[in-house]
Amino acid sequence: MTVKVNSRSEGDITVIALDGEINSTTSGGLQAQLLPFIRQGSDVLVDLTGVSYVSSAGLRTLLIVHRRAQQLNARITLVGLSEEVTFVMNATGFLDFFRIGEDVDSELERAAR
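These notes cover the structure that comes with them.

What counts, and where the lines are drawn
- Residues numbered from 1 in each chain as written.
- Predicted model: local features only at pLDDT ≥ 70, side-chain atom pairs only at ≥ 80, totals over all residues.
- Heavy atoms only, no water.
- Helix = DSSP H or I, 4+ residues; strand = E, 2+ residues; numbered from the N terminus.
- Rg over C-alpha atoms; globule rule 2.2 N^0.38 Å.
- Buried < 20%, exposed > 50% of the residue type's maximum accessible area, 1.4 Å probe, protein only.
- Contact = heavy atoms within 4.5 Å.
- Areas by Shrake-Rupley, 256 points an atom, 1.4 Å probe, with all protein chains shown as cover.
- Lys, Arg positive; Asp, Glu negative; His and termini not counted.
- Charge placed at Lys NZ, Arg CZ, Asp CG, Glu CD.
- Right-handed = clockwise from strand over helix to strand, strands pointing away.
- Pairing = 2+ DSSP bridges.
- Axes fitted to C-alpha atoms, helices over the stretch in contact; angles between N-to-C directions.

### Concerning the overall build of the protein chain
Secondary structure assignment for the protein chain yields four helices and five strands. Relative to the globule expectation of 13 Å for 113 residues, the C-alpha radius of gyration of the protein chain, 13 Å, shows essentially globular dimensions. By principal-axis analysis of the C-alpha atoms, the protein chain measures approximately 35 × 25 × 25 Å. Here the protein chain holds 113 residues, and 45% of them are scored as buried. The contacts of the protein chain with a sequence gap of at least 6 include a subset with a gap of at least 24, amounting to 70%. Carbon and sulfur atoms provide 46% of the accessible area of the protein chain, an area that totals close to 6200 Å². Averaging the coordinates of the 10 positive side-chain charges in the protein chain and doing the same for the 14 negative ones gives two points 9 Å apart.

Here it is, written out as structure tokens:
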């Protein structure tokens, strides 16, 4: 099983849509796919609408991405979190690491202002 990763550029913002479960089987490959998008000063929206489950290994992957973003003064916004993903990230304190938005369109509109 893998997590499907689709990316596109919207002006200066990179939108990365994930689809699948982020678990111990998929997190290593996902990390390798996400890190190249985190560049100096980059603005990245990670759309988790298609993600139904995040395990502790998945949280670790998101933490590594967060730390890379901090090192490179990049900004990551997570959007489209399901109730289950929100619950897990809130219970573990991971929501505090990221900017959280409703959905891609709202965040792109906000950024255009």
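### Re the pairing of strand E3 (residues 43–50)
Burial of E3 is extensive: six of the eight residues sit out of reach of the surface. A crossover connection joins strand E2 (residues 13–19) to the parallel E3 through helix H1 (residues 27–34); in handedness this β-α-β unit is right-handed. Pairing between E3 and strand E4 (residues 75–79): five bridges, direction parallel. Across the sheet, valine 46 pairs through a bridge with leucine 78, a residue of E4. Where the polypeptide runs from E3 across helix H2 (residues 56–71) and back to E4, its parallel neighbour, the crossover connection is right-handed.

### A word on unusual backbone geometry
The phi torsion at asparagine 73 lies on the positive side, around 55°, for a residue other than glycine. Along the chain, asparagine 73 falls in the loop between H2 and E4.

### Observations concerning the sheet that holds E3
Taken together, five strands build an open sheet; the order of strands is E1-E2-E3-E4-E5 and the sheet is mixed. Two strands close off the open sheet at either side, each with one partner strand: strand E1 (4–10) and strand E5 (99–101). With direction set aside, neighbouring strand axes in the sheet form an average angle of 25°. As defined by bridge partners, E2 adjoins E3 across six bridges and the pair is classed as parallel. Pairing of isoleucine 16 across the sheet is with valine 46, part of E3.

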